[in-house]
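Coordinate inspection notes
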Amino acid sequence: RHYGQIAFVSRWRRPPVAHAWRWAATTMNYKRLELALIVVFGLCVVVLFTRYIWRVARYERFSNQIAQADRVLVSDGGPKSLTITGEKVNEIIKAIALAHQDSGHYRAKFSFVTSFYRGTNYLGRVDICSRLFMANGHQYRAEDDALKTLVVMPFMQTVTSDEAN
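Residues numbered from 1 in each chain as written. Predicted model: local features only at pLDDT ≥ 70, side-chain atom pairs only at ≥ 80, totals over all residues. Heavy atoms only, no water.

Burial of strand 4 (residues 81–85) is one-sided: the residues Leu82 and Ile84 facing one way are buried, the residues Ser81, Thr83 and Thr85 facing the other way are not. Pairing geometry for strand 3 (residues 71–75) and strand 4, over five bridges, is antiparallel. What sits directly across from Val74, in strand 4, is Leu82. Connecting strand 3 to the next strand, strand 4, in antiparallel fashion are five residues, including Gly77 with a positive phi near 90°. (Buried < 20%, exposed > 50% of the residue type's maximum accessible area, 1.4 Å probe, protein only. Helix = DSSP H or I, 4+ residues; strand = E, 2+ residues; numbered from the N terminus. Pairing = 2+ DSSP bridges.)

Have a look at this one:
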């Protein structure tokens, strides 16, 4: 539409032929921008998924490694320690293997250093705070109170009974 010397182009229609190259160039720039955004978004998804898979594989490898343990040594960093053997070791390992990664948006004091051994061979370590524990630098949450029942409470009973004597 022409009103005097000024040409007005409808917002929804293609511009006149004289300005078609500008419209095509603008459309091409938007298409390139869309393609670049799709590629960047896709790469971000791939990186995040790869990190997740890597973390899960590392934790599974750690769980399989400590599954060979025949004894667990619990300490609070001081001179006192507790050695756990037998069927309780398998229950502790099962609780750790079934745990899920925790968000970790709060502070927890992982006071109980729990080391796993097969004979004299060191297999790995987790730092426990009730149902929460740290393994390989990541925080996990056990599904039940098995860690508290099998590790924390017996250690606390050992420490308090030693102090009473």
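Okay, the layout of surface pockets next. Approximately 220 Å³ is the volume attributed to the largest pocket. In this structure, the largest pocket is lined by Tyr52, Arg55, Val56, Tyr59, Glu60, Ser63, Asn64, Ala97, Ala99, His100, Gln101 and Tyr140. Elements represented by at least two residues in the lining of the largest pocket include exactly helix 1 (20–66) and strand 5 (100–101). The element best represented in the lining of the largest pocket is helix 1, accounting for seven residues. (1 Å grid on protein atoms, 1.4 Å probe; cavity = no way out; pocket = protein on both sides within 12 Å on 5 of 7 lines; lining within 4 Å. Points joined across faces, edges and corners; volume = space filled by probe spheres on them.)

Right, let's get into helix 2 (residues 87–97). Three or more residues of helix 2 are buried, namely Val89, Ile92, Ile93, Ala95 and Ile96. In a view along the axis of helix 2, the buried residues occupy a sector of 160°, so they form one face of it. Opposite the buried face of helix 2, at more than 90 degrees from it, the exposed residues are Glu87 and Lys94. (Arc of directions from axis to C-beta.)

Moving on to the environment of Asn90. Structurally, Asn90 is set in helix 2. In the structure, Asn90 is positioned 24 residues away from Ile66 in sequence and 9.8 Å away in space, judged by C-alpha atoms.

Turning to the pattern of salt bridges, a few remarks are in order. Side chains that differ in sign of charge can pair as their charged atoms come close. Per the stated rule, a full pass over the model turns up three salt bridges. In this structure, the salt-bridge partner of Asp102 is Arg141, at a minimum N-O distance of 3.5 Å. Taken as a pair, Asp102 in the loop between strand 5 and strand 6 (112–118) and Arg141 in strand 9 (residues 138–141) lie far apart in primary sequence, 39 residues in all. Among the residues examined, Arg141 registers a relative accessible area of 33% and is labelled partly exposed. In this structure, Arg125 engages Asp127 in a salt bridge whose closest nitrogen and oxygen atoms are separated by 2.9 Å. A relative accessible area of 40% means that Arg125 is categorised as partly exposed. Exposure remark for Asp127: the relative accessible area of 16% places this residue in the buried category. (Salt bridge = Lys/Arg side-chain N within 4 Å of Asp/Glu carboxyl O.)

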